[in-house]
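# Results of the structural survey
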Amino acid sequence: MKKQLFLGDEAIAQAAIDAGLSGVYSYPGTPSTEITEFIQHSALAKERGIYSQWCSNEKTAVEAAFGMSYAGKRVLSCMKHVGLNVAADAFMNLALTGINGGMILVTADDPSMHSSQNEQDNRFYGNFAMIPVFEPSNQQEAYDMVYEGFELSEKWGYPILLRITTRMAHSRAGVQTRPLQAQNPVKIEAEARQKYILLPAIARKRFQILLQKQAEFLDASEKSTYNQLFIPEKRSPLGIVACGIAFNYLQENFPAGFENPVLKISQYPLPKKQLLQLTENCEEILVLEDGYPIVEEQLKGYLGVGLKVHGRLDGTLPRAGELTPDNVRKALGLPVVSPYIIPDVVAMRPPALCMGCGHRDVYLALNEVLQEYKDPRVFADIGCYTLGALPPFQAIDSCIDMGASITMARGASEAGVFPSVAVIGDSTFTHSGMTGLLDCVNSRANVLIIISDNETTGMTGGQDSAATGRIEAICRGIGVEPGHLRSVVPLKKNYEEMKVMIREEIDYPGVSVIVPCRECIQTYKRKLKA
Amino acid sequence: MKTDIILAGVGGQGILTIAAVIGEAALAEGCYMKQAEVHGMSQRGGDVQSHLRISDRPVASDLIPLGSADLIVSLEPMEALRYLPYLKKDGWIVTHSEPFDNISNYPEMEKIRAEYERLPNKVILNVEQIAKDLGAPRSSNVVLLGAASPYIGLPFEQLEKGIRSIFERKGEEVVELNLKALRALSA
């Protein structure tokens, strides 16, 4: 069969469909979004009745996936790295119970923070939960790992964490697909209660089982074809460990073959046997990993005595940011030659809110009203409207994590900040803002919450938002007073109306919610074209 | 055969479409390829780039190493300059001539032209105008691809097939318009 051109994300999606997937549960987040989108647009997935609706957040997604696995079916859940923080409670505990139908969790990490607020490395979570982690070095491996992963997950009885980084997620290459497998029937385990009711007495047993399982996971890593040891004939003092995509950058610098002993690692726990073989063939080790120095730290140990280990911790590679063929080349002591430099005349071109975007109108009106107050603070959130931080708006004071606008505004107001304003989008509100709003209502916090509703999940490219058309009903249900729950269409012609509304609700000493609602200009344009 | 190409522009200009056409052509020609794209935040009017690597041997890195791109294809004159550190000494730049000015501190065009004066191998064209004149105003990216085609290292027919397969679902009229755009400057 002819190879197909797939993004890493798409290779994962296609592999899951081919391996008998029954459902995917996700929340959009760069660089993971395209996995679920691919399944949503796949004719084959539709034909096979694969569930693929977006969830409210990563926690609800992982739990729903867990439910499908409980029923015996193969299931996928995809998120960006910070999304796993949201899902961590479910994640840590389903690693304890184990699963039934094959379950793969995809974490798409974003070293260099191309579209994220941090560059956490979620292999750490794999270690923490003590489950196997797979880290593909290319799109074909990503496909194969997912295709084989469901079976492995079922064989082990544990979920698998597949960790990719931005460059793997968003790079295309030819991928060879494999035969379509049937979906699993519903089949619940006979002793399911002894596994899934994590009362302390049962949890203690499950933890013992997980601990015993570690030897099997290690054995699998040592036998895995994804972990490969290369020992050249000529002895070289420097051995190299290359994890995931780092292996490509290493290969790029040795087009004629490796001159050093090399261990490629794409399956964890770390293959001890091969690491020992590597150290027998060298005096020092260089660790290449696209993310935190997790393997480096493990090999080095806290005291750093014994074998010399180089990498991000000793400055051989930069401590922050993604790997590139160039910083790997430098770490290998090879020259990086670049005949041209960026001319001084080249100006930065940061992203900006689109022309015609409703968030623009909201910020213009808000900025103008806030000028009337002495020390206003605007706590914003994660989404397109975070771009309100940049000129010409410079309208916000914070952006931390999904939902933190509302809760921070509450805390700040209770500390005495006035006006204390929150700005949050509709999708972020349903992801993690609703509980914070309830806290505000319960404490009668003096806050103005602006839910800037564009009826979509905008920043990630316009995915369905969980409560389109129901934002105000949710606010009413949570207990926002009807008189202080107001809506407006954010357009130039409504500026004066918006300004009056903002002023009145700032001056109301309690919880106010304003919902400026106008469809995202990008999804609107797309509909016009279709 | 091995060609490393940087595609540059501003989010929304259509560089990913050019990348997809070249990708299809490369795969049809039996080449190995990797193509790294930028999705996400930068697509909101920020600078975007794609690293496209085509070779008759397997490609290792998804990213092009510094100083080794054969070609920079850019839909915006300042954006091409941003990726100069990737260009080989004797590499080519094929760029649209007119600025996309969505920032407050866009440099004077004189200064940008002066930078181009110093570069040995460049093709600077107003592809927007050419596309308009062709009656295909939305295909300026494809006109640019045509202008870059001699430096890509793939047979022109494969690029034509690439156009066909990428625009197929939009109907025969769109395919023909884009083929016309591709051929406009293909020398």
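As a starting point, this report considers the structure included with it. (Residues numbered from 1 in each chain as written. Chains lettered and ligands numbered in written order. Predicted model: local features only at pLDDT ≥ 70, side-chain atom pairs only at ≥ 80, totals over all residues. Heavy atoms only, no water.)

## Here we look at the layout of surface pockets
- Reported here for the second largest pocket is a volume of approximately 900 Å³.
- If you go around the second largest pocket, you meet 37 residues; those closest to its centre are Tyr32(B), Arg57(B), Pro58(B), Val59(B) and Ala60(B).
- Those elements giving two or more residues to the lining of the second largest pocket turn out to be helix H8 (139–156), strand E7 (171–175) and helix H12 (246–252) of chain A together with strand E1 (2–10), strand E2 (32–36) and strand E3 (47–55) of chain B.
- Tallied by class, the residues present in the lining of the second largest pocket amount to 15 nonpolar, eleven polar and eleven charged.
- Taken domain by domain, the lining of the second largest pocket gets at least three of its residues from each of domain 1 (3–223) and domain 2 (228–331) of chain A. (1 Å grid on protein atoms, 1.4 Å probe; cavity = no way out; pocket = protein on both sides within 12 Å on 5 of 7 lines; lining within 4 Å. Points joined across faces, edges and corners; volume = space filled by probe spheres on them. Helix = DSSP H or I, 4+ residues; strand = E, 2+ residues; numbered from the N terminus. Nonpolar A, V, L, I, M, F, W, Y, C, P; charged D, E, K, R; others polar. Domains from an automatic or database assignment.)

## Quick notes on the sheet that holds strand E16 (residues 447–452) of chain A
Residue and element names in this part refer to chain A.
- In space, the five strands of this open sheet follow the order E14-E15-E16-E18-E17, with parallel pairing throughout. Unpaired on one side and paired on the other, strand E14 (377–379) and strand E17 (485–488) mark the two borders of the sheet. Across this sheet, the average inter-strand angle for adjacent strands is 20 degrees, counted without regard to direction.
- Along the sheet, helix H18 (residues 426–443) contacts strand E15 (420–425), E16 and strand E18 (511–516); its crossing angle with E15, the most-contacted strand, is approximately 150 degrees. (Pairing = 2+ DSSP bridges. Axes fitted to C-alpha atoms, helices over the stretch in contact; angles between N-to-C directions. Contact = heavy atoms within 4.5 Å.)

## Observations concerning the packing of aromatic side chains
Residue and element names in this part refer to chain A.
- Within this structure, the stated rule accounts for 17 aromatic pairs over all chains.
- Pairing Tyr-158 with Phe-217 gives two aromatic rings, centres 5.7 Å apart and planes at 85 degrees, and the pair type is edge-to-face. Placement of Tyr-158 in the loop between H8 and strand E6 (160–165) and of Phe-217 in helix H11 (residues 200–223) is noted, with a sequence separation of 59 residues between them. Residue Tyr-158 shares its accessibility class with Phe-217, and that shared class is buried.
- When the ring of Tyr-363 is compared with that of Phe-393, the centres are 6.0 Å apart and the planes differ by 40 degrees; the resulting orientation is tilted. Here the residue Tyr-363 occupies a position in helix H16 (residues 358–370), and Phe-393 occupies one in the loop between E14 and helix H17 (404–415), the gap between them amounting to 30 residues. Per residue, the accessibility class of Tyr-363 equals that of Phe-393, and both read buried.
- Each residue in the set Phe-91, Phe-124, Tyr-125 and Phe-128 is aromatic and connected to the rest through ring pairs, giving one cluster.
- The residue whose ring lies beneath Arg-319 is Tyr-292, and the NZ or CZ to ring-centre distance is 5.3 Å. (Phe/Tyr/Trp six-rings, centres within 6.5 Å; stacked < 30°, edge-to-face > 60°. Buried < 20%, exposed > 50% of the residue type's maximum accessible area, 1.4 Å probe, protein only. Lys NZ or Arg CZ within 6 Å of the ring centre and 35° of its normal.)

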